[in-house]
Amino acid sequence: MTDAEDLRRRTAELLAAHPPASTERLDFLRARFDAGLAWVHYPEGLGGLDAPRSLQAVVDAELAAAGAPGNDPGRIGIGLGMAAPTILRFGTDEQKQRLLRPLWTGEEVWCQLFSEPGAGSDLAALATRAVREDGGEDGGAGDWIVDGQKVWTSSAHLARWAILIARTDPALPKHRGISYFLCDMTDPGVEVRPLRQITGEAEFNEVFLTGVRIPDSHRLGEVGEGWKVAQTTLMNERVAIGGARIPREGGMIGVAAADWRARPELRTHDLHQRLLTLWVEAEVARLTGERLRQQLSHGQPGPEGSGMKLAFARLAQEISGWEMEFLAEDGLTYDDWTMRRPDGVDFTGREAGYRYLRAKGNSIEGGTSEVLLNIVAERVLGLPPEPRTDKDVAWKDLPR
């Protein structure tokens, strides 16, 4: 059984063999993965040591103290938080060996081809089609030909790979006729177009798929069971968004508190009371996230991640709104409206105006707050589900 002392020893051996000061960043990250210190709770040979998830903090602290390079999780968050746990659970041995190492080192960026113009909150209504050919070149299962459109795709302009769900049997009810694929974003027929947002940037994209050929070996899970596979992705996505580890008074509440301390001339009693309330709520959310991560060490994420994502969205919007009101006219300044396609989102390194505008999307992306409220009501509180008249109707017969 791997314990904290064993991990410290392994980390020391990694640092001795690959000193951060004299080792190329990518070489160090590859060596860390091969040593099982990338994500210690993953299996041996796949970047881990089958150790408890909670012990990852031991490795991270030792490496941080030594000045070791990181893998830029802000840039590759979709791969780390969504693609990797889904591949680990449903992928073949060949898929795991080929994909997980370059995913973790950041050599290959991932994106998520789920939402569509007519299937956002009701994701299972998706219309992108995957049609199977009669046979592959090697005489095995035929390739899949994919046609459709996806939208709100973060990092598609950077991605080499995408996790994709598409309809493979329109004669079945909408949740049952879906399959899950791994799509090479460099393949012919994949077109990425930027979507300019209220911030002036385009971190999101729309993706058009026209006759894209996907080998059957790039299917994840069984044909027609894509919704089951996608649930693993979605639960991990909500944990990744709402359950990130931050220090006390970290994140956006830390920025707001720093503003309060730096600008005493702007303080009012009402703003003080509201800031205190937000600070307490942010701390409660942080501690709840710690408890959720402890639960994760004993299994897959459950619907509790939806509650964390709900709290994150609400707090981000309320804190950024408070900050704009506190800073008054200074909060209206904006550094650059130039259209650009950033690598990620920076909620704490930009000005208040950016935080206020970008936080508006938090209650939409990763599952709308309305949908997540239903999940919490039904799966956490055990309340009766809403009536769903389309549950047993073939997708092709649904009105559109």
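Residues numbered from 1 in each chain as written. Predicted model: local features only at pLDDT ≥ 70, side-chain atom pairs only at ≥ 80, totals over all residues. Heavy atoms only, no water.

## Thoughts on helix H1 (residues 4-17)
So, step 1. Compared with the 20 Å implied by 1.5 Å per residue over 14 residues, the 20 Å span of H1 between its first and last C-alpha is a close match.
So, step 2. Residues of H1 that are buried: Asp6, Leu7, Thr11, Leu14 and Leu15. (Helix = DSSP H or I, 4+ residues; strand = E, 2+ residues; numbered from the N terminus. Expected span 1.5 Å × (residues − 1). Buried < 20%, exposed > 50% of the residue type's maximum accessible area, 1.4 Å probe, protein only.)

## As for the packing of aromatic side chains
So, step 1. All chains considered together, the criterion is met by 12 aromatic pairs.
So, step 2. Ring centres of Trp152 and Phe204 lie 6.0 Å apart, and the angle between their planes is 85 degrees; this geometry places the pair in the edge-to-face category. Taken together, the residues Trp152 in the loop between strand E3 (144-150) and strand E4 (161-167) and Phe204 in strand E7 (residues 204-214) connect sequence positions 52 residues apart.
So, step 3. Overall, Trp152 belongs to the exposed group, its relative accessible area being 52%.
So, step 4. Residue class for Phe204 comes out buried when judged on its relative accessible area of 10%.
So, step 5. Ring plane angle 80 degrees and centroid distance 6.4 Å describe the contact between Phe312 and Phe347, whose orientation is recorded as edge-to-face. Remark: Phe347 occurs in the loop between helix H9 (304-327) and helix H10 (352-358) and Phe312 occurs in helix H9; sequence separation between them is 35 residues.
So, step 6. Put simply, the rings of Phe33, Trp39, Tyr42 and Trp104 pair up and form one aromatic cluster.
So, step 7. The side chain of Arg193 reaches across the aromatic face of Phe208, ending 4.0 Å from its centre.
So, step 8. Seen from the ring of Tyr354, Arg350 lies directly overhead, with NZ or CZ sitting 4.0 Å from the centre. (Phe/Tyr/Trp six-rings, centres within 6.5 Å; stacked < 30°, edge-to-face > 60°. Lys NZ or Arg CZ within 6 Å of the ring centre and 35° of its normal.)

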